[in-house]
Amino acid sequence: MTNSRIKELAPDVGLLVLRLFFGISMALAHGLPKLQRFSELQTSFPDPLGMGSLLSLSLAIFAELACALAVALGFLFRLSLLPLIITMVVAAFIVHGHDPFNKQELALAYLTVYVALIFAGPGRFSVDSLRQR
């Protein structure tokens, strides 16, 4: 592979790495555990927007599991990022809004990456890119 070809592919490889890490880690570390504990959490999950614990939990699982996996694959990419961005805004500024920075930091890190990705796009190594070809 030529040096110019490597330079051409580098941004897409970078986007792939970000999508895979932040999509899969969100799904495995946050979405899947919530799904596994659904019956336990459905009455006690934080309800910062007044929708009820069950709906709040269901929406968090949808974002953190289904949408996160879609982001990892680059499938319906920008649409899949919207629930994740909303969830991270709620987590950082409402659920942990009065907590010290170290409690907000993880949600803010995910939020920062998701906002950057919504502008950057999924890159050529994505399902969306394959569908466009």
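Scope of this entry: the structure provided in the associated data block. Just so we're clear, the structure is a prediction, and the values are computed from it rather than from any experiment.

## What about the pattern of salt bridges?
Step number 1: For the structure on display, the rule yields six salt bridges.
Step number 2: Across the pair Asp128 and Arg131 runs a salt bridge whose closest N-O atoms are separated by 4.0 Å. Taken as a pair, Asp128 and Arg131 lie in helix 6 (residues 127-132) at a separation of three residues, close to a single helical turn.
Step number 3: If you follow the salt bridges from partner to partner, you end up with Arg5, Glu8, Asp12 and Arg124 in one network.

## Some words on the environment of Leu117
Step number 1: Looking at where Leu117 falls in the secondary structure, it is placed in helix 5 (residues 101-120).
Step number 2: In this structure Leu117 comes out as buried when scored by relative accessible area, which is 2%.
Step number 3: Placed 98 residues apart in sequence, Leu117 and Arg19 show a C-alpha to C-alpha distance of 8.0 Å.
Step number 4: Excluding residues within four positions of it along the chain, Leu117 makes contact with Leu15, Leu18, Phe77 and Leu81.

## Focus on the nonpolar core
Step number 1: Grouped together as the largest cluster of nonpolar side chains are 29 residues, with contacts concentrated most on Met26, Leu81, Leu84, Met88 and Tyr114.
Step number 2: Those residues in contact with Tyr114 that sit more than four places away from it in its chain are Phe22, Met26, Leu81, Leu84, Ile85 and Met88.

## Re the packing of aromatic side chains
Aromatic rings in a pair are described by how distant their centres are and how their planes are angled relative to each other.
Step number 1: The full count for this structure, using the stated rule, is three aromatic pairs.
Step number 2: Aromatic pair Phe22 and Tyr110: ring centres 5.6 Å apart, planes at 90°, arrangement edge-to-face. With Phe22 in helix 1 (residues 3-36) and Tyr110 in helix 5, this residue pair connects regions lying 88 residues apart in the sequence. Just as Phe22 is buried, Tyr110 falls in that class too.
Step number 3: Classification of Tyr110 as buried rests on a relative accessible area of 6%.
Step number 4: Taken together, Phe21, Phe22, Tyr110 and Tyr114 form an aromatic cluster joined through their ring pairs.

## Looking at the side chain of Asp128
Step number 1: Residue class for Asp128 comes out buried when judged on its relative accessible area of 13%.
Step number 2: If sequence neighbours within four positions are ignored, Asp128 has contacts with Gly74, Phe75, Leu76, Phe77 and Pro122.

## Some words on helix 5
Each full turn of the α-helix corresponds to 3.6 residues, which orients residues three or four apart in the same direction.
Step number 1: Helix length check: helix 5 (20 residues) gives 27 Å between terminal C-alpha atoms against 28 Å at 1.5 Å per residue, within 8%.
Step number 2: For helix 5, the principal kink sits at Ala107 and spans about 30°.
Step number 3: Taken together, the buried positions of helix 5 are occupied by Gln104, Ala107, Leu108, Tyr110, Leu111, Val113, Tyr114, Leu117 and Ile118.
Step number 4: Taken together, the buried residues of helix 5 touch helix 1 and helix 4 (77-95).
Step number 5: Phi turns positive one or two residues past the end of helix 5, at Gly121, with a value near 90°.

Calculation criteria
Residues numbered from 1 in each chain as written. Predicted model: local features only at pLDDT ≥ 70, side-chain atom pairs only at ≥ 80, totals over all residues. Heavy atoms only, no water. Salt bridge = Lys/Arg side-chain N within 4 Å of Asp/Glu carboxyl O. Helix = DSSP H or I, 4+ residues; strand = E, 2+ residues; numbered from the N terminus. Buried < 20%, exposed > 50% of the residue type's maximum accessible area, 1.4 Å probe, protein only. Contact = heavy atoms within 4.5 Å. Core = buried A, V, L, I, M, F, W, Y, C linked by side-chain atoms within 4.5 Å. Phe/Tyr/Trp six-rings, centres within 6.5 Å; stacked < 30°, edge-to-face > 60°. Expected span 1.5 Å × (residues − 1). Bend = angle between axes of the 7 residues up to and from the residue.

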